[in-house]
Amino acid sequence: MTTNSYFDAFRERFHIPIGTIYLDGNSLGVLPKATAARVADTVEREWGNDLIRSWNSADWINTPTRVGDKYARLMGANAGEVAACDTTSINVFKAILTALELQKNTKRNTNTPRNVLISDIDNFPTDLYIAQGLKALLAERNLDLRFVKREQMSETIDAAGDRLALVMLTEVDYRTGERYDMKRVTAHVQSKGALMLWDLAHSLCAFPVALNDCNVDLAVGCGYKYVNGGPGAPAFIFVAKRHLDRLDAMNSPAPISGWFAHEAPFAFQPEFKTIRGIKRFSVGTPPILQMAALETALEMWLTADLNAVREQSLRLTDDFIRRVEWHCRDYPLLTLATPREHERRGSQVSFRHPEGYAIMQALIARNVIGDFRAPDILRFGFTPLYLSEADVVNAAQHLAEILATREWDQPEFKMKHAVT
Ligand SMILES: Cc1ncc(COP(=O)(O)O)c(C=O)c1O
């Protein structure tokens, strides 16, 4: 069991505006203090003074794999299995294409290739949108998309049988915080001869992730949430070594054939030839300033104990649920959306309320920052490295006061902003 001083010491390493209780690290993580200096150095010395030489002297050219290897250590993957690149949306595109490529020649009882892709209808929309876009783009492949409720997931996987190509799920539901059992679902999917793609947007740095231990095939996720890599931080894509080797053996083309996926980008040959290994998932020039911010955050995470973070996250979330339910017991419209069982939740707590948007705006006006997800979800992210037990006590108190006084019931809190 870790002491409070462990987390107090970490809190010192973040810039938290005075008077702010920040419960939105599941959407945009806060700024690590080391990041500002590192980015300034990248701007002033590497870019300003050293200019183009920095592609070699500062190793800018290898950032996707160097930073990818740091990502890998945080998700139970090996060096060479993760690339830091692009956005989660683009990486979903690459991951689905890769899964279809890997399934191209797998045997079924008939001659037609596996074409069923299953996802959760409550998955984050970008994942579902990318799958729909690929269905339109690959019309000849006749993709059969089956988006179903979580409760129907298991039977839908069974029903697809040997037509199942891929199951794509986000481990922790972005609205409710409900968590899938990664090991069990992955094994179930693989028992059908299909592949499993996990979106770890709400997992990485929220709790320990063990991709290889769960025998995961493919994964993607963001760098700007629990990771604290900064707004728009480069995302990641994980592909298990056994699949990277097969793709190489099959001479499969890169999913997006940009010059950074070419085997010799600086040979400037007109003909595209895919590079081997994880680099096949690079596309174009990496965003060096964003990479500097992300790498600083990853280096900080590599000094943290994710088991301790998980323990503390469960303590904080349990305490928040208990306090909110007690203080708000006279307001039955406020209901818990997150599972109470530890193994069934991530590191966020969500409540439903028909006036959730206005209530969240009233909280934000008090500097208690969470967010709102349509239609009625108040979302609170818990990040033990910079959130204290006192913050949790105070946040619950603020919420209770806002409900008791109907402080939320004002036109200014009902005005919808572009980002909620
Ligand atoms: C599960 C999940 N996937 C993907 C994304 C976003 O993807 P991108 O970084 O491409 O905007 C989010 C954003 O909140 C998310 O929650």
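The coordinates are above.
Analysis parameters
- Residues numbered from 1 in each chain as written.
- Predicted model: local features only at pLDDT ≥ 70, side-chain atom pairs only at ≥ 80, totals over all residues.
- Heavy atoms only, no water.
- Helix = DSSP H or I, 4+ residues; strand = E, 2+ residues; numbered from the N terminus.
- Contact = heavy atoms within 4.5 Å.
- Areas by Shrake-Rupley, 256 points an atom, 1.4 Å probe, with all protein chains shown as cover.
- Lys, Arg positive; Asp, Glu negative; His and termini not counted.
- Charge placed at Lys NZ, Arg CZ, Asp CG, Glu CD.
- Buried < 20%, exposed > 50% of the residue type's maximum accessible area, 1.4 Å probe, protein only.
- Salt bridge = Lys/Arg side-chain N within 4 Å of Asp/Glu carboxyl O.
- Near = heavy atom within 4 Å.
- Polar contact = N/O pair within 3.5 Å; in protein donor to acceptor, adjacent residues only side chain to side chain.
- Nonpolar A, V, L, I, M, F, W, Y, C, P; charged D, E, K, R; others polar.
- Core = buried A, V, L, I, M, F, W, Y, C linked by side-chain atoms within 4.5 Å.

A.B. asks: Explain the overall build of the protein chain to me, please; I cannot follow it from the model alone.
C.D. replies: Within the protein chain, the regular secondary structure consists of 14 helices and 15 strands. Principal-axis analysis of the C-alpha atoms places the extent of the protein chain at approximately 65 × 60 × 45 Å. Of the contacts made within the protein chain by residues no fewer than 6 positions apart, 73% connect residues no fewer than 24 positions apart. Just so you have it, the protein chain exposes about 18,000 Å², and 55% of that area is on carbon and sulfur atoms. A distance of 4 Å separates the average location of the 48 positive side-chain charges in the protein chain from that of its 51 negative side-chain charges.

A.B. asks: How should I be thinking about the side chain of His-202 in this particular structure?
C.D. replies: Secondary-structure assignment places His-202 in the loop between β8 (195-199) and β9 (218-221). Overall, the relative accessible area of 4% leaves His-202 in the buried class. Those residues in contact with His-202 that sit more than four places away from it in its chain are Asn-26, Thr-170, Val-172, Tyr-174, Phe-207, Lys-225, Tyr-226, Gln-348 and Arg-379.

A.B. asks: How should the pattern of salt bridges be read in this particular structure?
C.D. replies: If charged atoms from side chains of opposite charge come close, those side chains can pair. Summed over all chains, the structure comprises 35 salt bridges. Across the pair Asp-248 and Arg-280 runs a salt bridge whose closest N-O atoms are separated by 3.2 Å. Placement of Asp-248 in helix α9 (residues 241-249) and of Arg-280 in the loop between α9 and α10 (288-301) is noted, with a sequence separation of 32 residues between them. For the pair Asp-248 and Arg-280, a shared accessibility class is recorded, and that class is buried. By sharing partners, the salt bridges in this structure join Arg-38, Asp-59, Arg-66, Lys-70, Glu-295 and Glu-299 into a single network.

A.B. asks: What should I look at first to understand unusual backbone geometry in this one?
C.D. replies: A cis amide bond links Ala-374 to the next residue, Pro-375, at an omega of 5°. Turning to its location among the elements, Pro-375 is positioned in the loop between β14 (371-373) and β15 (377-381). The phi dihedral of Asn-142 is positive, around 55°, even though this residue is not glycine. Turning to its location among the elements, Asn-142 is positioned in the loop between α6 (125-137) and β6 (144-148). Residue classification places Asn-142 among the exposed residues on the basis of a relative accessible area of 52%. Although it is not a glycine, Arg-406 adopts a positive phi angle of roughly 55°. By the secondary structure assignment, Arg-406 is in the loop between α13 (389-405) and α14 (411-414). Given a relative accessible area of 47%, Arg-406 falls into the partly exposed group.

A.B. asks: Even after reading the chapter, I still don't get the site of the ligand, so can you show me in this structure?
C.D. replies: Taken together, the residues surrounding the ligand are Thr-87, Thr-88, Ser-89, Phe-124, Thr-126, Asp-127, Thr-170, Asp-199, Ala-201, His-202, Tyr-224 and Lys-225. Within the backbone of Thr-88, an N or O atom sits 3.4 Å from an oxygen atom of the ligand. Within the contact set of the ligand, an oxygen atom lies 2.7 Å away from a side-chain nitrogen or oxygen of His-202. Against a free-state accessible area of 390 Å², the protein chains account for coverage of 85% of the ligand. Looking at the shell around the ligand, the elements that each hand over two or more residues are α5 (88-103) and α6. The residue makeup of the shell around the ligand, split by class, is three nonpolar, six polar and three charged.

A.B. asks: I keep staring at the side chain of Thr-176 and nothing clicks. Help me out?
C.D. replies: When you line up the elements, Thr-176 lands in the loop between β7 (164-170) and α8 (182-190). Looking at Thr-176, the relative accessible area reads 12%, which means it is buried. Engagement of the side chain of Thr-176 in a polar contact is seen with the backbone nitrogen of Glu-178, the distance being 3.2 Å. Each residue touching Thr-176, except ones within four places of it in the same chain, is listed here: Ala-337, Thr-338, Pro-339, Gln-348, Ser-350 and Arg-352.

A.B. asks: Teacher, can you tell me more about the nonpolar core here?
C.D. replies: Generally speaking, soluble globular proteins have nonpolar side chains that are buried together. Tyr-71, Met-75, Trp-198, Leu-211, Phe-238, Trp-301 and Leu-385 are the most contacted members of the largest nonpolar core, which has 57 residues in total. The greatest single-element share of this core, amounting to five residues, is contributed by α10. Leu-385 has contacts with Phe-7, Phe-10, Arg-11, Phe-14, Met-300, Trp-301, Ala-304 and Val-309, leaving out every residue within four places of it along the chain. One finds Val-349, Ala-362, Phe-372 and Ala-400 within the second-largest nonpolar core, a separate group that totals 31 residues.

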